[in-house]
Amino acid sequence: MTAGDAAADTNALEVDLRHRAGAFSLDVAFRARGPLTALFGPSGSGKTTVVNLIAGLLRPDEGRIAVGGRVLVDTARGVFVPAHRRRIGYVFQDARLFPHLSVRANLAYGRWFAPRAERSADLAAIVELLGIGRLLDRRPQGLSGGERQRVAIGRALLASPAVLLMDEPLASLDEARKAEILPYIERLRDGMRVPIVHVSHSVAEVARLATDVVVLKEGRVTAAGPAATVFRHADALDGAERDEAGTVIDASVAAHDERFGMSVLRCRAGEVCVPRIDAAPGDPVRLRIRSRDVMIATERPRGISALNIFPGVVADIGAGQGTAVDVMLDCGGDPVAARITRQSLAGLGLTRGMPVFAIVKSVALDGGGEFAPAPIRA
Amino acid sequence: MAEFLGLGPQEWTAVRLSVWVALWATAGSLPFGVAVALVLARGRFWGKSLLNGVVHLPLVMPPVVTGYLLLITFGRRGPLGQLLEPLGIVFSFRWTGAALACAIMGFPLMVRAIRLSIEAVDRRLEQAASTLGAGRFWVFATVTLPLITPGIIAGMILCFAKAMGEFGATITFVSNIPGETQTLPSAIYSFIQVPGGDASALRLTAISIAISLAALMASEWLAGHAARRVTAA
């Protein structure tokens, strides 16, 4: 264990809960170390119940919650710290700004209640980070959805929380507003020392933001781990979301080709051509490749429109469901997953360790903004 | 002021006394009104509908019954009247008694207005406040109270207006003593009884109508204002 791991562990969130509400039963256990753990699952999977339990808005039937070793709930020992003493920031889906207070007073609200010694959050820095300086003297009623959500995030952060919970803060926003907020959440993840638990049902959002993922389904944890690995197998996903399965690769911007409006990224698998992205050469970016967008060839193809061809070896062949299987490839150390039919699997005679080529169309790496490679700020 | 409105000394005294009594009735019932409205809006307990009924009783009971009940409870020989007299608190045939009668008659109106505004408060805002570190008291003081202030003001206005016009319970409990318990309605009643009192009665009636109308309009405006403010942003 390195020093970094130990430091991260001091503010780890430990959750082990059993809770019943009507016909719905929840039984979850996970650890979140951050920087950003996504709580992922379809609606009705119990995500919001879990964050409400962590925040103290609900009392669990049974279980334990601790943040950085501080026990907030332990039913066995009769411990239940009320919500206002937990020091857990909560960004609600519906912002919930106080309508009778100005933006400035909304931001100052949590700070006022924070113990003097723990007021680590800096107003000026957070206002700057979230770009809400212009809004300070306005009233919440006059703000757009995206602005409200940014103020709500600032308000939660200024209470100097030990953990920041975000319950689908983007769900009520349209695509343009989402695109407006995503970079701020990324800055938060990379710039603040507060571990974030981000609830979402969108694979694209999770793949872009999360460092770790906990997948929930019908009140149970079905998968958990680093974001790069959890989404490789479609089994962790449900229905329409299964099409979103894929891998996340860390890359950096190598160059831009203004002639064709393309950017070249460099990763361990090789060079990747994507539609022009907004990042400077050398900037680290995160690239998500959906399994269904990847083809496999046993020989290097020629005369093909796809710009990205990565040599690699077959690392694993998934059990799959129905006619499709997920084949995991190791391309120079970067994971790439391909969804192919059983027929192709048999036709190509793929086996573990076999050298192959992964083929990805560049246009598949755009997908309308949300899937585009996203810059990471160190 | 009195000359400007063309009022005689007895009329002016009645108007002044009425305002004085109504102010005390409103101020005195305010803490109880907020507390009872909170309990009725938020509480879950056995006997809630009974409490609700008791609070609203003065609204539907004949005022003379309320006045008589006050007389036998708070009168000089009444159990509470005897208990309070050594403490220097006397209600019977004093303006304080008029204020008490008016407070009780206006109480249901006040509670109703405040209760409605409490029920309109988005409780998710209170949850948000608690996650930001505010305990129950501070949630109430910094979120709930500011949001229901227009409702409280509306309730106070209604209570004040009702107190200005209260007649039956007051006259039964504390009689009709000029300068002590003769409020505006009692004065109108007295002027009607004597020959040549019509002009005075009419002047007081006009004042009464003006005050009632202003109170209702202010209350309506504040209720609308409240509804706009308590919706979550």
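Preceding block: the structure.
Because the structure is a prediction, the values reported are computed rather than measured. (Residues numbered from 1 in each chain as written. Chains lettered and ligands numbered in written order. Predicted model: local features only at pLDDT ≥ 70, side-chain atom pairs only at ≥ 80, totals over all residues. Heavy atoms only, no water.)

Looking only at helices and strands, one finds eleven helices and zero strands in chain B. When the elements of chain B are put in sequence order from the N terminus, they spell out α-α-α-α-α-α-α-α-α-α-α. For chain B, the spread of C-alpha atoms along the principal axes amounts to about 70 × 45 × 30 Å. Taking all 233 residues of chain B together, 45% fall into the buried category. In the structure as shown, chain B presents an accessible area of about 11,700 Å², 70% of it carried by carbon and sulfur atoms. On chain B, the mean spot of the 16 positive side-chain charges and the mean spot of the 10 negative ones are 11 Å from each other. (Helix = DSSP H or I, 4+ residues; strand = E, 2+ residues; numbered from the N terminus. Buried < 20%, exposed > 50% of the residue type's maximum accessible area, 1.4 Å probe, protein only. Areas by Shrake-Rupley, 256 points an atom, 1.4 Å probe, with all protein chains shown as cover. Lys, Arg positive; Asp, Glu negative; His and termini not counted. Charge placed at Lys NZ, Arg CZ, Asp CG, Glu CD.)

Residue and element names in this part refer to chain A. When you tally the buried positions in strand E13 (residues 262-267), you get five out of six residues, the bulk of the element. Relative to E13, strand E12 (residues 246-257) runs antiparallel, the two being bridged by five bridges. Its bridge partner lying in E13, Ser 252 is registered against Arg 266. Connecting E12 to the next strand, E13, in antiparallel fashion are four residues, including Gly 261 with a positive phi near 65 degrees. Inspection of the sheet shows E13 paired to strand E14 (residues 270-275) by six bridges, in the antiparallel sense. Pairing of Cys 267 across the sheet is with Gly 270, part of E14. (Pairing = 2+ DSSP bridges.)

This part is about the sheet that holds strand E19 (residues 334-341) of chain A. Paired through backbone hydrogen bonds, the strands of a sheet run either parallel or antiparallel to each other. Residues and elements named next belong to chain A. Strand order in the open sheet made by the five strands is E16-E20-E17-E18-E19, with antiparallel pairing throughout. With one partner strand each, in any of the chains shown, strand E16 (294-297) and E19 form the two edges of the open sheet. Strand-to-strand twist across the sheet, computed as the mean angle between neighbouring axes with direction ignored, equals 45 degrees. Here eight bridges tie strand E18 (residues 324-331) to E19, and the two strands are oriented antiparallel to one another. Residue pairing for E19: Ala 324 is matched across the bridge by Thr 341. (Axes fitted to C-alpha atoms, helices over the stretch in contact; angles between N-to-C directions.)

We now examine unusual backbone geometry. Residue and element names in this part refer to chain A. Phi angles above zero are rare outside glycine, and Glu 168 is one such case at about 40 degrees. If you trace the backbone, Glu 168 turns up in the loop between strand E8 (163-167) and helix H6 (175-191). You will see that Glu 218, though not glycine, has its phi angle at about 45 degrees, which is positive. Structurally, Glu 218 can be placed in the loop between strand E10 (212-217) and strand E11 (220-226).

Let's shift gears to helix H5 (residues 145-158) of chain A. For H5(A), with 14 residues, the first-to-last C-alpha span of 20 Å sits near the 20 Å given by 1.5 Å per residue. With twelve of 14 residues buried, H5(A) lies mostly within the body of the structure. For H5(A), the complete set of buried residues consists of Gly146(A), Glu147(A), Gln149(A), Arg150(A), Val151(A), Ala152(A), Ile153(A), Gly154(A), Arg155(A), Ala156(A), Leu157(A) and Leu158(A). Residues of H5(A) that are buried make contact with strand E7 (88-91), helix H3 (103-113), helix H4 (123-130), E8 and H6 of chain A together with helix H7 (123-131) of chain B. Following H5(A) by one or two positions, Ser160(A) has its phi on the positive side, about 50 degrees. (Expected span 1.5 Å × (residues − 1). Contact = heavy atoms within 4.5 Å.)

Coordinates in, geometry out; function isn't part of it.
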